[in-house]
Amino acid sequence: ELKKLFERLDCEISDRELASVFNELDTDGDGLISEPEFAAWYIRSEDRIKSKVRETFDMFDEDDSGTIDRDELRKLLEQIEPRVTEDDIKEAMDAMYKEGDPDQITFDEFAEWYFHSLIYEHQKKLAEEELAEVWYENLIPPRGDGCMAWIKYIILLPIVATLTFTIPDVSRPGCGKWCYFSFVTSIVWIGVYSFLMVEWTEIIGNTLGIPSVVMGLTFLAAGTSVPDLLSSVIVARKGEGDMAVSSSIGSNIFDILVGLPVPWIIYTAAKKNSVIVSLSALFEEAIVLVWVASPPLISYPLPSF
């Protein structure tokens, strides 16, 4: 069964190597390899990382020549490390070249360079750190970070605790099969948090004498836009301009096509009543939305974006 598993992973292995790997994986010596034992070995495996590098290499070998040129190498290195520079590419070309055409790099030359590069060490370190993390790491209290860290920890603890105990971390080895459950559960929690946020904001507004419209257009609008702003800034700094734009626009499209109609459909089906939507300021709000969305949509096609 282990040999068939390696065949599915496109890893060629001899019987002697298979026996050695089996003994290495069977850490408790019970004659069986559990999923955690295999995941702990596989995430550190050089063959796994090399197979991913091979897959990436073939993807950027656009002419299927078995080699990549400077432009293809740039795209490949950007896939592994987005902040690569021209000097990095030139240095990598010089380090990779062994024989033949100096402007064409074979996979063996690339793989030999990669497994002795800082990029590989960085990827391996990230994999080991990911494996070492415990699932309840976000619940661990701060240590030696001052009073503000404790205040932040206490305020966020209810949210972090509910998400930690109900949503599987699919980034951990062996948990990828729970991705759809995690997605649906995340949507459910977003609905719960949104309901509580609106109710509590309305109560605070009534207590302070602030109209609900003002509370909605200021506090609620700002609170729901901050996550989109932060995510857009993060991906924009990595050079992913399309993701930065789609993050803000996509969330609004989701709200219009899913966030609003789905609850209305459920309410209408359950109560057998119509949902009345006020259209008094719809035209003005549409104009404002177009005005806000126009600058990024216009600037995105520009070559310098």
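As the structure is a prediction and not an experimental result, all values here were calculated from the model.

(A) Structural context of the packing of aromatic side chains. Inspection of the entire model under this criterion finds three aromatic pairs. Between tryptophan 189 and tyrosine 193, the ring centres sit 5.3 Å apart and the planes meet at 25 degrees, which makes this aromatic pair stacked. Of this pair, tryptophan 189 and tyrosine 193 are both found in helix H10 (residues 179–208), four residues apart, which corresponds to roughly one turn of the helix. In this structure tyrosine 193 comes out as partly exposed when scored by relative accessible area, which is 25%.

(B) Up close: the environment of glycine 66. With respect to the helices and strands, glycine 66 occurs in the loop between helix H4 (46–60) and strand S1 (67–68). The partly exposed category is assigned to glycine 66, whose relative accessible area is 34%. Sequence separation between glycine 66 and isoleucine 105 is 39 residues, and the spatial gap between their C-alpha atoms is 8.5 Å.

(C) Broad picture of the pattern of salt bridges. Within this structure, the stated rule accounts for three salt bridges. Residues aspartate 71 and arginine 74 are paired through a salt bridge, measuring 3.0 Å at the closest nitrogen-oxygen approach. Linking aspartate 71 with arginine 74, this pair stays in helix H5 (residues 70–80), spanning three residues, or about one helical turn. Accessibility expressed as a relative area gives 44% for aspartate 71, which makes it partly exposed. For aspartate 94, the salt bridge identified is with lysine 90, shortest N-O distance 3.3 Å. Taken as a pair, aspartate 94 and lysine 90 lie in helix H6 (residues 86–96) at a separation of four residues, close to a single helical turn. Since its relative accessible area comes to 51%, aspartate 94 is described here as exposed. Taking relative accessible area as the criterion, lysine 90 reaches 48% and is therefore assigned partly exposed. Salt bridges here are not isolated pairs; linked through shared partners, they connect Asp71, Arg74 and Glu86.

(D) Up close: the packing of H6 against helix H7 (residues 107–114). It is the contact of H6 with H7, at a shortest axis distance of 9 Å, that shows an interaxial angle of 110 degrees. By the angle between their directions, the pair H6 and H7 is classed as roughly perpendicular. Considering the relative orientation of H6 and H7, their crossing is right-handed. Two secondary-structure elements touch here, H6 through Ala92, Ala95 and Met96 and H7 through Glu109, Phe110 and Trp113.

(E) Focus on the side chain of glutamate 72. Relative to the helices and strands, glutamate 72 resides in helix H5. Setting aside its immediate chain neighbours within four residues, glutamate 72 contacts Phe60, Asp61, Glu62, Asp63 and Thr67.

(F) Quick look at the nonpolar core. Core analysis: the biggest nonpolar cluster contains 18 residues, and Leu73, Leu76, Leu77, Met96, Phe110 and Trp113 have the highest contact counts within it. Taken together, the elements giving at least two residues each to this core come down to H4, H5, H6 and H7. The element best represented in this core is H7, accounting for five residues.

(G) Spatial organisation of helix H12 (residues 241–259). An ideal rise of 1.5 Å per residue puts 27 Å on 19 residues; H12 measures up with 26 Å between its terminal C-alpha atoms. The sharpest bend along H12 measures roughly 30 degrees and falls at serine 247. For H12, the full list of buried residues reads Gly241, Ala244, Val245 and Ser251.

(H) Inspection of the packing of helix H11 (residues 212–237) against H12 at higher detail. The N-to-C vectors of H11 and H12 enclose an angle of 160 degrees; their axes lie 8 Å apart at closest approach. Classified by the angle their axes make, H11 and H12 are roughly antiparallel. Of the two elements, H11 crosses H12, and the hand of that crossing is right-handed. Contacts between H11 and H12 involve Asp228, Ser231, Ser232, Val235 and Ala236 from the first element and Met243, Ala244, Ser247, Ser248 and Ser251 from the second.

(I) Structural view of unusual backbone geometry. Phi is positive for aspartate 64, close to 55 degrees, though the residue is something other than glycine. The topology assignment puts aspartate 64 in the loop between H4 and S1.

(J) Molecular detail of the side chain of aspartate 61. Within the fold, aspartate 61 resides in the loop between H4 and S1. Polar side-chain contacts of aspartate 61 include one of 2.7 Å to the backbone nitrogen of glycine 66. Ignoring any residue separated from it by four or fewer positions in sequence, one finds aspartate 61 in contact with Gly66, Thr67, Ile68 and Glu72.

Calculation rules
- Residues numbered from 1 in each chain as written.
- Predicted model: local features only at pLDDT ≥ 70, side-chain atom pairs only at ≥ 80, totals over all residues.
- Heavy atoms only, no water.
- Phe/Tyr/Trp six-rings, centres within 6.5 Å; stacked < 30°, edge-to-face > 60°.
- Helix = DSSP H or I, 4+ residues; strand = E, 2+ residues; numbered from the N terminus.
- Buried < 20%, exposed > 50% of the residue type's maximum accessible area, 1.4 Å probe, protein only.
- Salt bridge = Lys/Arg side-chain N within 4 Å of Asp/Glu carboxyl O.
- Axes fitted to C-alpha atoms, helices over the stretch in contact; angles between N-to-C directions.
- Parallel < 35°, antiparallel > 145°, perpendicular 65-115°, else oblique.
- Left-handed = near helix turned anticlockwise from the far one by under 90°.
- Contact = heavy atoms within 4.5 Å.
- Core = buried A, V, L, I, M, F, W, Y, C linked by side-chain atoms within 4.5 Å.
- Expected span 1.5 Å × (residues − 1).
- Bend = angle between axes of the 7 residues up to and from the residue.
- Polar contact = N/O pair within 3.5 Å; in protein donor to acceptor, adjacent residues only side chain to side chain.

No statement about biological role is implied by the geometric values presented.
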